Amino acid sequence: MVKLNNKTCVIRGEEVRYLGSFDDVARGRYVNGGFETVDGVRSMVGVVCKDCLPVLNCAVNAHFLDGSEKKKRAGILRDIRDPAFVTAAVQNHARRRVEMLLGDLENDTDWEQVVRELKTFLMHGLDINNFDEGPEHGLDPKRALACMLEEQRTMKFIKGLYGALEALDEGREDIEMVDAGCGPVLLFGILAALRSDKTMVTCLEINEGSARMAVKIIERLRLENRVKVVNCDATKYQHPRPIDLLVSETMYSGLTEEPQAQIFGNLAPQVVDDGIVMPESISVEAGLVSKALVSLHGSRFAMPQMAEGCVYFAHEPVEVARLTRSNLLKTVDGRISTQGVRPGEYLVGLRSKIHVHGNVTVSGGDSRISAPVLPPTYLRIADRIADTENNVRVRYTPGVAVESIVPTIE
Ligand SMILES: C[S@@+](CC[C@H](N)C(=O)[O-])C[C@H]1O[C@@H](n2cnc3c(N)ncnc32)[C@H](O)[C@@H]1O
Ligand SMILES: [Zn+2]
């Protein structure tokens with residue numbers, strides 16, 4: 001295999017370091033030996049990187065019948081120097097690729113595999129380590145990427161997003177979408193732009209590294225005319241136009257740790273009356289968990305144990321707060337009755353049920369955004385306190401650390 005350094009792609013100028021055959025590159029094969037990814041080919045018009053290969057293929061097909069080799073080559077060169085041609089070819093390729101990966105969302109496919117392949121496609125050619133420096137705001141890029149890899153959560157949000165776009169499509173010429181807290185691979189923004197030509201997306205991201213990486217991905221997919229990335233704080237951002245679709249997944253279970261409630265507080269009022277916010281609602285549920293179970297499982301439930309987390313609760317958790325576009329929470333303030341609870345030491349467990357859109361929900365062991373978390377203060381439910389008048393009160397500002405929440409008995 002020929003190894004070349006610092007060759008640049010004739011189409012968009014990317015650096016190409018390892019050349020493979022057309023076939024290798026089209027299939028994403030690896031070069032034997034150094035395990036370096038093949039990232040370009042030598043074509044009749046020069047070196048072409050892997051991301052631009054669909055553009056070359058498109059041009060080659062368009063000039064298939066042009067006659068002499070010289071004529072064909074001239075035609076291909078003309079096309080690949082035309083930014084509109086390049087944009088259309090790259091976008092169409094991305095759309096086909098995503099459609100192929102996502103297939104029929106209603107089918108019970110191997111979602112883990114699908115999400116991993118989506119990630120590989122979107123991140124192609126970019127190393128997340130190069131975006132992981134600088135002052136830290138929000139989540140660092142690697143942790144934000146880990147959210148995407150929670151496949152139940154991600155696939156349900158994609159389902160919800162497609163449903164919302166379909167609902168908005170009728171009777172609208174354009175769909176103005178904002179995704180607040182898009183992360184480094186801005187999955188929802190890209191999928192929305194590829195899914196519907198009407199969608200104009202603005203992605204907000206507070207972490208500088210993630211925002212920089214998001215911009216690179218948009219450039220690579222030639223979606224600059226459809227998706228804009230703004231490095232800002234979504235709890236303060238004012239959108240220049242009314243919003244039709246607000247999407248945000250900046251949450252942790254019980255609406256703790258992350259600023260979902262504050263982001264909705266700022267952005268939901270900017271959504272038009274017949275627009276959609278996604279998630280439609282987030283319920284915070286609280287219940288008592290006995291000390292014996294906590295010492296068994298640790299202060300936060302581990303992933304495999306939290307599936308159907310309610311088995312650890314002394315009784316079915318109750319809803320203590322619900323965030324919707326018309327109920328923007330400043331505090332979570334709820335009471336759980338101690339009636340019928342056996343005397344003993346308890347922690348309050350918090351979990352979320354997320355109504356994404358339509359009948360799509362994320363709950364229980366689906367994800368870290370829904371599974372139970374445990375503020376560490378023990379409550380002593382004394383003998384026969386477990387009667388009528390006593391309540392456990394749990395009160396906190398959304399976004400606070402789980403550890404800082406102190407429930408009380410009233
Ligand atoms: C849980 S990650 C989710 C990323 C992506 N939306 C997804 O679902 O895969 C949340 C993202 O929101 C960002 N974020 C947190 N607070 C923010 C704020 N106030 N304004 C904008 N972005 C914020 C974080 O940096 C992080 O990238
Ligand atoms: Zn290229």
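None of these values were measured; they are calculated from a predicted model.

About the cut-offs
Residues numbered from 1 in each chain as written. Chains lettered and ligands numbered in written order. Predicted model: local features only at pLDDT ≥ 70, side-chain atom pairs only at ≥ 80, totals over all residues. Helix = DSSP H or I, 4+ residues; strand = E, 2+ residues; numbered from the N terminus. Buried ≥ 20, exposed ≤ 12 C-beta atoms within 10 Å, placed from the backbone. Contact = placed C-beta atoms within 7 Å. Pairing = 2+ DSSP bridges. Domains from an automatic or database assignment. Nonpolar A, V, L, I, M, F, W, Y, C, P; charged D, E, K, R; others polar. Axes fitted to C-alpha atoms, helices over the stretch in contact; angles between N-to-C directions. Core = buried A, V, L, I, M, F, W, Y, C linked by C-beta atoms within 7 Å.

1. Looking at the overall build of the chain
Within the chain one finds twelve helices and 17 strands. Referenced to the eigenvectors of the C-alpha coordinate spread, the extents of the chain come out at roughly 95 × 50 × 40 Å. In the chain, which comprises 410 residues, the proportion classed as buried is 43%. A sequence separation of at least 24 residues applies to 73% of the contacts in the chain between residues at least 6 apart.

2. Digging into the sheet that holds strand E17 (residues 408-409)
Taken in spatial order, the three strands make up an open sheet running E12-E16-E17, and their pairing is antiparallel. Each edge of the sheet is formed by a strand with only one pairing partner; in this case those strands are strand E12 (332-337) and E17. Here strand E16 (residues 391-396) runs beside E17; their pairing, made up of two bridges, is antiparallel. Across the sheet, the residue bridging to Arg393 is Thr408, located in E17.

3. Considering the domain arrangement of the chain
According to the domain assignment, the chain contains domain 1 (3-81), domain 2 (100-250) and domain 3 (281-409). The interface of domain 2 with domain 3 comprises nine residues on the first partner and nine residues on the second. Its residues assigned to classes, the side of domain 2 that touches domain 3 comprises two nonpolar, three polar and four charged.

4. A look at the environment of Thr109
Tracing the backbone shows Thr109 in the loop between helix H4 (83-102) and helix H5 (111-123). Under the C-beta neighbour-count criterion, Thr109 is labelled partly exposed, with 14 such atoms within 10 Å.

5. A closer look at the sheet that holds strand E6 (residues 199-205)
Taken together, five strands build an open sheet; the order of strands is E7-E6-E5-E8-E9 and the sheet is parallel. Each edge of the sheet is formed by a strand with only one pairing partner; in this case those strands are strand E7 (227-231) and strand E9 (271-278). The average angle at which neighbouring strand axes cross in this sheet is 20°, direction not considered. Pairing of strand E8 (residues 243-248) with E9, which is carried by four bridges, proceeds in the parallel orientation. Looking across to E9, one finds that Leu246 is bridged to Val277. Along the sheet, helix H8 (residues 187-195) makes contact with strand E5 (175-180), E6, E7 and E8, crossing E6 at roughly 175°. Against the sheet, helix H10 (residues 260-267) contacts E5 and E8, and its axis sits at roughly 175° relative to E8.

6. Details of the environment of Tyr312
For Tyr312, the position within the fold is in the loop between helix H12 (303-306) and strand E11 (318-324). By C-beta crowding, Tyr312 is classed as buried, having 20 other C-beta atoms within 10 Å. Separated by 61 residues in sequence, Tyr312 and Met251 have C-alpha atoms that sit 23 Å apart.

7. Let's talk about the nonpolar core
Counting residues in hydrophobic clusters, the biggest one holds 110 residues, and the most contacted among them are Leu161, Leu186, Ile190 and Leu245. Ignoring sequence-local partners within four residues, the contact set of Leu245 consists of Ala164, Leu168, Ile175, Met177, Gly275, Ile276 and Met278.

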